[in-house]
Every structure is written in C-alpha cells, then in structure tokens.
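Structural features, examined
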Amino acid sequence: MSSDPLRSLLFVPGTRTDWLAKAAAAGADAAILDLEDAVPAAGKAAALDLVAAAVRAHTGPMALFVRVNPLDDWAAAEELRTIAYEGLAGVVLPKVRGPEDVRFADRLLGWCERERGLPPGHIALVPLLETASGLREAYEVGRAAGRVAYLGAVTAPGGDVERAVGYRWTPEGTETLGLRSRVLLDVRAAGVPNPVAGLWTRVADLDGLRAFAGQNRDLGYEGMLAIHPSHVPVINEVFSPSPEELARCARLVAAVEAAQAHGAGAVTFEGEMVDEAMAATARRLLERHEH
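For clarity, every value in this text was computed on a predicted model and none was experimentally measured. Chains are numbered independently. Their residues run from 1 in the order of the written sequence. Residue-level local features of this predicted model are given only where pLDDT is at least 70; pairs of side-chain atoms are given and counted only at 80 or more, and the full residue set underlies all totals for whole chains, interfaces and linings. To get the side-chain values, all heavy atoms of the structure are used, and hydrogens and water are removed first.

A word on the pattern of salt bridges. Note on definitions: salt bridges are taken to be side-chain nitrogens of Lys or Arg within 4 Å of carboxyl oxygens of Asp or Glu. Scanning the entire structure with this criterion turns up 24 salt bridges. Among the salt bridges present, the one from E36 reaches R67, with a minimum N-O distance of 3.4 Å. Residue E36 is found in the loop between β2 (30-34) and α2 (44-57), and its partner R67 is found in strand β3 (residues 63-67); the two are separated by 31 residues along the sequence. One continuous salt-bridge network, built from bridges that share partners, spans D34, E36, D37, R67, K95, D160 and R163. Helix numbers and strand numbers start at the N terminus; a helix is a DSSP run of H or I with at least 4 residues, a strand a run of E with at least 2.

Shown next as structure tokens:
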C-alpha cells in the first residue's frame, strides 16, 4: 500500500468514468469513483461495470480510488471483488460506525487481493467517519487495520455528518473546528499516515475554499476531498509548501547541524531560537516534498 501524501482527492460519479481525464487534467492527486451517493439505485449495476472497466484500464500517476456502498450485505461485498484490480489504489468505505466495520472490510479486501494475486495490503482503505459513533471512535478506526490511510473528519454542509452531529454549517467552520481538531489528533495517535479533511460544496466560492483548506492545513491535515475540478488547483496550492518555505527549511537544518558540529544544541536562526526538534520537523517537510 502506498503511503504517499495526497493533497487533493476528487470525487467523480461512477456513471461518468469518462470524466477521469478531467480529474487528471485538473491536477488531482487522486480520483474517487463514486458508487454510493452519486449513483441512483436503478443505475448501480451499470455504474459498477463502468467503474470496474476503468480500474482495469487505469494507468498514470493519478491514484484511483472507489467509494463503494456500505458493506451491509454480500451484494455490497461483491462490489469489492468486481473492482479489486492492480490499478485500484484504495477503497473509500462510507458510513463507518466503528472499528468492526473496518476489520470486516480489511478481511474482504485481503481475500480479494489473494484472489487477484495482489500483494497483501495493496489496496488502501479510507473509512469515512460519517456517523456520530464513527467520529467518536476515530482512534480505534484508525488502528483497526494496517491498510487504513487518508482518514479524517469530513464536515460538509447538509450531509451525513451534519445530520449525525447536529451542527449548523457556516463558511467559517467554527462549529466544526473542535471536531476536526479532535479527529485529527485521534488519527495521528493511531498512526494513520496521511490525514485528509473536506468537503467544500460551494462550487464558485474559491476564496471560501482557500480559507477552509488553509484552516485544515493549519490544523495539521495534509489534503482534502473535493467535489469539483476547479477546486483542485486551490487545494493543491494550499497543501503544498512554497519554494520559500522549503528554502527556509533547508537553511534551518543547515544552521542547526552547523551548531551541533560545534557542540551547541540550539542556535539563533533568522530571529528565532531553534534546535534539533525544529530541524527534525523541517527535514520531514523536505523529505515529503522532494519532488
């Protein structure tokens, strides 16, 4: 399973797999083909065929995920067998209530990988915390399987989370700030490598998107789910360090290492006192964004 950071994960209706080219052209790090909410019940079988064909044919740098339907019966479990091919980076699991849902999905994906001759853990699992119990159990959800990745609080207006928690959404996000912060801490403590947040549903309000994405980045999230291609460049920019930020990190590391070479543990750097802890943080940022 890849643990590469993903800045932007763009939803694409499972009925419109031809839009994957638009997702790639927008610069999305990942596309999520949606078999759940974006597809009416009468069209799910046809959409599954389209999505399976897209997964089998997928190549290129953009990661490809599929949001399946809740694993409430064996028909839903059969979806996993239908899409489990090498080109599938991960499965987005909706309506997660707790760690038992994740363990069940993990076992099913393990069977699918063996059936397809894929290495264990090849397919990442992205649980969506859309219920009050799922949000409360974020830490246990994150620890439930080694394949869990890209986990976080998704606080869209009017959706499952708003209904479950009861908040009233505002563009400023103050009503969900505590929730997003707590879930992020749980996810980090569980060892999930790449926490992601979302969504911003006001398609034309790119300034609002930038502010919300910036708030999530400041909290410690590393990416966001997106619903429109026009949102991808904004999200990518917000979740990417600037050349100036990377250059400062390199200078900071050099300053600390020079001080250590002369027997000092801390040094004044550009008006701030820095030490090995700050250098370690700077090194991590440089390593994750070498490209």
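Further notes follow.
Before going further, it helps to examine the side chain of N69. Following the sequence through the fold, N69 ends up in the loop between β3 and α3 (74-83). Only protein chains enter the area calculation, which uses a 1.4 Å probe; residues under 20% of their type maximum are buried, those over 50% are exposed, and those in between are partly exposed. By relative accessible area, N69 is classed as buried at 12%. Polar contacts here mean pairs of N or O atoms no more than 3.5 Å apart (in protein, one a potential hydrogen donor and the other a potential acceptor; neighbouring residues in sequence count only if both atoms are side-chain atoms). At 3.3 Å, the side chain of N69 and the backbone oxygen of L35 are in polar contact. When residues no more than four places from it in sequence are discounted, the contact partners of N69 are L35, E36, K44, A76, E79 and P94. By the convention used here, residues are in contact when the closest approach between their heavy atoms is within 4.5 Å.

Pairing of aromatic rings covers Phe, Tyr and the six-membered ring of Trp, with a centre-to-centre limit of 6.5 Å; geometry is then stacked below 30 degrees between planes, edge-to-face above 60, and tilted otherwise. Across all of its chains, the model carries three aromatic pairs by this definition. Between the aromatic rings of F65 and Y150, the centroid separation amounts to 5.9 Å while the plane-to-plane angle is 85°, which identifies the pairing as edge-to-face. Within this pair, whereas F65 is found in strand β3, its partner Y150 is found in the loop between α6 (138-143) and α7 (160-165), the two being separated by 85 residues in sequence. Residue class for Y150 comes out buried when judged on its relative accessible area of 4%. Ring geometry for W169 against W200: centres 5.5 Å apart, planes inclined by 55°, an arrangement best described as tilted. Separated by 31 residues along the polypeptide, W169 in the loop between α7 and α8 (174-189) and W200 in the loop between β6 (196-197) and α9 (206-219) bring together distant segments of the chain. With relative accessibility at 17%, the residue W169 sits in the buried group. Judged by its relative accessible area of 1%, W200 is buried. Site record: aromatic cluster; members linked through ring pairs are W169, W200 and F212. Cation placement over rings: the criterion is NZ of Lys or CZ of Arg within 6 Å of the ring centroid and within 35° of the ring normal. Between R116 and the ring centre of Y85, over which it is positioned, the NZ or CZ distance is 4.3 Å.

Note that H58 resides in the loop between α2 and β3. Among the residues examined, H58 registers a relative accessible area of 19% and is labelled buried. Put simply, H58 and G87 are 29 residues apart on the chain and 5.5 Å apart in space, counted from C-alpha to C-alpha. Among residues more than four places away in sequence, those in contact with H58 are A63, L64 and G87. A distance of 2.6 Å separates a polar side-chain atom of H58 from the backbone oxygen of M62.

Strand pairs in the sheet, formed through backbone hydrogen bonds, run parallel or antiparallel to each other. When DSSP locates at least two bridges between a pair of strands, those strands are taken to pair. Spatial ordering of the open sheet is given by β5-β4-β3-β2-β1-β7-β6, a layout of seven strands whose pairing is parallel. Looking at strand neighbours, the two that pair on one side only are β5 (124-127) and β6, the edges of this open sheet. Bridge count for strand β1 (residues 8-13) against β2 is five bridges, and the pairing is parallel. The partner of F11 across the bridge, within β2, is I32. Lines fitted to C-alpha atoms define the axes, with helix axes restricted to the stretch in contact, and inter-axis angles between N-to-C directions lie between 0 and 180 degrees. Along the sheet face, α2 touches β2 and β3 and points at about 160° away from the line of β3.

Moving on to the UniProt feature "binding site: Mg(2+)" (unreviewed entry) in the protein chain. UniProt positions are given in the numbering used here, feature names are shortened, and annotations may be inferred rather than shown by experiment. Listed under "binding site: Mg(2+)" (unreviewed entry) in the UniProt record, and renumbered for this structure, are E130 and D160. In sequence the annotated residues extend across 31 residues, while in space they remain close, none of their C-alpha pairs exceeding 5.6 Å. Structurally, E130 can be placed in the loop between β5 and α5 (132-136). Residue contacts for E130: discarding those within four places in its chain leaves R67, P94, K95, V96, D160, V161 and A164. Within the structure, E130 has its side chain in polar contact with the backbone nitrogen of K95 (distance 2.7 Å). Mapped onto the elements, D160 comes out in helix α7. A residue is classified by how much of its surface remains accessible, and D160, at 16% relative accessible area, is buried. What D160 contacts, discounting residues up to four positions off in sequence, is D37, K95 and E130. A polar side-chain atom of D160 sits 3.2 Å from a polar atom in the side chain of K95.

Before going further, it helps to spend a moment on the domain arrangement of the protein chain. Structurally, the protein chain comprises domain 1 (8-240) and domain 2 (244-288). An automatic or database domain assignment is the source of the domain bounds shown. Between the C-alpha centres of domain 1 and domain 2 the distance comes to 35 Å.

Attention now moves to the packing of α8 against α9. The N-to-C vectors of α8 and α9 enclose an angle of 40°; their axes lie 10 Å apart at closest approach. As judged from the angle between their axes, α8 and α9 are oblique. As for the relative orientation of α8 and α9, their crossing is right-handed in sense. In this structure, α8 contributes L177, R180, S181 and L184 to the contact, and α9 contributes F212, Q215, N216 and L219. Looking at the contact of α8 with α9, its residues break down into four nonpolar, three polar and one charged. Note that the term roughly parallel is reserved for angles under 35 degrees, roughly antiparallel for angles over 145, roughly perpendicular for angles of 65 to 115, and oblique for everything else. Take the far helix as the reference: if the near one is turned anticlockwise from it by less than a right angle, the crossing is left-handed, and if turned clockwise, right-handed. Residue polarity follows a fixed list, in which Ala, Val, Leu, Ile, Met, Phe, Trp, Tyr, Cys and Pro are nonpolar, Asp, Glu, Lys and Arg are charged, and the others, Gly among them, are polar.

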